[in-house]
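# An overview of the molecular structure
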Amino acid sequence: MLFKRHRFKTLADLFEYSTSTYAKCEVSSFVEGGQQYTFSQFKDRCDNISRILSTFGIGAYDKVAILSENMPNWAVAFFSLTAYGRIAVPMLQEISSNEVRNIIQHSESKAIFISQKQLHKLEEDVMDKLNLVIDIETFEFIKVKDTSYTCDGRVTIPTPLDTAAIIYTSGTTGNAKGVMLCHKNFCANVLEAWKAQKIRKRDVFMSILPIAHTYEMSIGMIYPFATGAKVYYLQKMPTPTVLVNALKRVRPTAMLSVPLIIEKMYKTSIVPTIESSKFLQYLQKSIPWLLHLLVGMKLKKTFGGRIKFFGIGGAKLDPVVEEFLGKIHFPYAIGYGLTETAPLICNASPFKTAVGSTGIAAYGVQIRLENVNSVTGVGELVVKGDNVMLGYYKDFNRTREVLSKDGWFHTGDLASVDKKGRYYIKGRMGTVIIGSSGENIYPEEIESVINNIENVTESLVVQRSGNLVALVRYNENVIDWNLEGQDKFIADMEQRKKAILEMVNSRVSKFSKINSVEIQKEPFIKTATHKIKRFLYEK
């Protein structure tokens, strides 16, 4: 009933509605307690911070950066900017000091909310140029520029097309791009999320993904805020032990994840448990439905026993794992999108998923495929809707490359669609490999097969001198690299390479067969969003 009563047009609308409607409800807190707010207290804190910012000359349309780990005060900082007409510049906590410098300079940020753990990344000369440096954990001043006390930072009521946030994304190959997301973009995502999975004030979220990423920001922070649901945050890294204990304590009804988390749980816990038990192996062979029932009950209990929405996005879910989640009736959902669409484009709600599919077009989003291959049915996924960004900040040329005059955004993702309107992402246009006969080879599909091999943690398929080469990294402690160079070590490595080669080539098309395998000793170099920098390994 939420959107029948009130249709949000800006984050200011959403902020005023939620803080008055749910005044006595709790917004968020740490799992262990601390930084706990009711919606009424949240509004008071945002009002106070906004006044402080105005006092130091930071008003409407001024940019303010946020660099911190997940915490309730992250949301306070965000709304103390966006609800008053300012522009937030969120930064992922994994970025380097050089990236911090570049983002602050390029965005022309006047201030920053920063945690003590991230403070070392703010170099002295960069800090000197900021009006304010605020400790996000206490909201006390770390540094104040003497000349900034002007009391002329006027706020404004934002319009739907005013920029709410500039989110920098490095992609996997290019320079950083500042994605300008307006108030309408975020509000469109709230409506899309509501239509896909209704969340209400009695629901409980647990946040484990970086809020600075649009996936968690829009669906894991702004959406529950709009519906009065509470969000819990971890104070420690989400190691298996920390995560399991937190799940028992919070008993969330909803949470967002990336494939890696549920895939690791499947490969390192569920599969070994089944393989080590004669009884479970008997059930798997003779009464599989009973095994699936028992495992499903156990997994739901691990997540606290109340989980009804487990959203998976950010990358493609391993089809073997996805098929298993379907068999045990785990309430997983699939989402697909990009930072440029704030982020949701497609979604598949719990129990409406299809293995390998990213689901149907999200509510209010138009999708079409361009330059479709008549044989494979694969084309570039192009999208239009209120979720599409304004453009890249101070970068007209790159904006023009992806955004047409009539509002269609070119995602750069290759996809196909079935008769039920479900989309299947094949890979990025920039990563597709052209075979010797002109056929399209999607390395992501081959990598999905490799990643299902026991003890393989991740892989990358590249083309070198016309041949497909698979770079494979095993889990820690599987290979003893201290023995490198010894005869037994060399023989073991050759055996592993041969096994990978034979297994993969027996499961892929003749065009996608790999020619050689290389075992990676060091972890792959990745972007701040944990995507492998593919271009570094193509030579």
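Everything that follows concerns the structure shown earlier in this document.
In short, a report on the structure. (Residues numbered from 1 in each chain as written. Predicted model: local features only at pLDDT ≥ 70, side-chain atom pairs only at ≥ 80, totals over all residues. Heavy atoms only, no water.)

## Remarks on the sheet that holds strand β11 (residues 230-233)
- An order of β2-β1-β11-β10-β12-β13-β14-β15-β16 is seen for the 9 strands of this open sheet, with the pairing classed as mixed. The open sheet is flanked by β2 (37-38) and β16 (360-361), the only strands paired with a single partner.
- Pairing of strand β14 (residues 332-337) with strand β15 (residues 344-348) involves 4 bridges; the strand directions are antiparallel. Across the sheet, residue I334 finds its bridge partner in β15, namely A348.
- Lying on the sheet, helix α8 (residues 214-227) is in contact with β1 (26-30), β10 (204-207), β11, β12 (254-257) and β13 (309-312); it crosses β12 at an angle near 170 degrees. (Pairing = 2+ DSSP bridges. Helix = DSSP H or I, 4+ residues; strand = E, 2+ residues; numbered from the N terminus. Contact = heavy atoms within 4.5 Å. Axes fitted to C-alpha atoms, helices over the stretch in contact; angles between N-to-C directions.)

## As for the pairing of β13
- Burial along β13 is two-sided: the face carrying F309 and G311 and the face carrying F310 and I312 are both buried.
- Note: β12 against β13, 4 bridges, orientation parallel. Bridge pairing in β13 places L256 opposite G311.
- The sheet contact formed by β13 and β14 spans 3 bridges and is parallel. Counterpart to I312 in the pairing with β14 is I334.
- Each parallel crossover has a hand, and for β13 linked through helix α13 (residues 319-327) to β14 it is right-handed. (Buried < 20%, exposed > 50% of the residue type's maximum accessible area, 1.4 Å probe, protein only. Right-handed = clockwise from strand over helix to strand, strands pointing away.)

## Structural notes on the environment of I166
- Secondary-structure assignment places I166 in strand β8 (residues 163-169).
- Among the residues examined, I166 registers a relative accessible area of 1% and is labelled buried.
- Excluding anything up to four places from it in sequence, I166 contacts K63, I87, A88, V89, P90, G178, V179, M180 and Y393.

## So, a nonpolar patch on the surface
- There is a patch of nonpolar side chains on the surface, built from F279, Y282, W289, L293, L294 and M297 and spanning about 690 Å² of accessible area.
- Elements with a minimum of two residues in the nonpolar patch: α11 (278-286) and α12 (288-302).
- Of all the elements, α12 adds the most residues to the nonpolar patch, at 4 residues.
- Summarising the element assignment, W289 is placed in helix α12.
- Taking the relative accessible area as the measure of exposure, W289 reaches 59% and is therefore exposed. (Patch = residues over 30% accessible without salt bridge, like charges linked within 9 Å, V, L, I, M, F, W, Y side chains within 5 Å. Areas by Shrake-Rupley, 256 points an atom, 1.4 Å probe, with all protein chains shown as cover. Salt bridge = Lys/Arg side-chain N within 4 Å of Asp/Glu carboxyl O.)

## Let's talk about unusual backbone geometry
- Omega for the bond connecting A342 with P343 falls within 30 degrees of zero, at -10 degrees, which places this linkage in the cis form.
- Following the sequence through the fold, P343 ends up in the loop between β14 and β15.
- Phi is positive for Y61, close to 70 degrees, though the residue is something other than glycine.
- By secondary structure assignment, the location of Y61 is in the loop between α3 (39-55) and β3 (63-67).
- Assessed through its relative accessible area of 45%, Y61 is described here as partly exposed.
- At N455, a position not held by glycine, the phi torsion is positive, near 75 degrees.
- Tracing the sequence through the fold places N455 in the loop between α15 (443-450) and β24 (456-464).

## A few points about the pairing of β1
- In terms of residue burial, β1 counts as a mostly covered element, since 4 of its 5 residues are buried.
- From the end of β1 to the start of β2, which pair antiparallel, there are 6 residues, and G33 there has a positive phi angle of about 100 degrees.
- Where β1 and β11 come together, 3 bridges link them in parallel fashion. By the bridge assignment, F30 is partnered in β11 with Y233.

## Comments concerning the packing of aromatic side chains
- Enumeration over the complete set of coordinates arrives at 23 aromatic pairs.
- Consider the rings of F113 and F139, whose centres lie 6.1 Å apart with planes at 85 degrees: the pair is edge-to-face. Here F139 lies in the loop between β6 (132-135) and β7 (141-144) and F113 lies in strand β5 (residues 111-114), a separation of 26 residues in the sequence. F139 matches F113 in its accessibility class, with the two residues each being buried. (Phe/Tyr/Trp six-rings, centres within 6.5 Å; stacked < 30°, edge-to-face > 60°.)

## Some thoughts on the pattern of salt bridges
- What the rule picks out here adds up to 23 salt bridges.
- With a closest N to O distance of 2.4 Å, R101 and E123 form a salt bridge. Highlighted residues: R101 in helix α5 (residues 97-107) and E123 in the loop between β5 and α6 (124-128), separated in sequence by 22 residues.
- On the accessibility criterion, R101 (18% relative accessible area) is buried.
- Between R496 and D492 there is a salt bridge whose closest N-O contact spans 3.1 Å. Linking R496 with D492, this pair stays in helix α16 (residues 487-505), spanning 4 residues, or about one helical turn.

The values are spatial; any link to function lies outside them.
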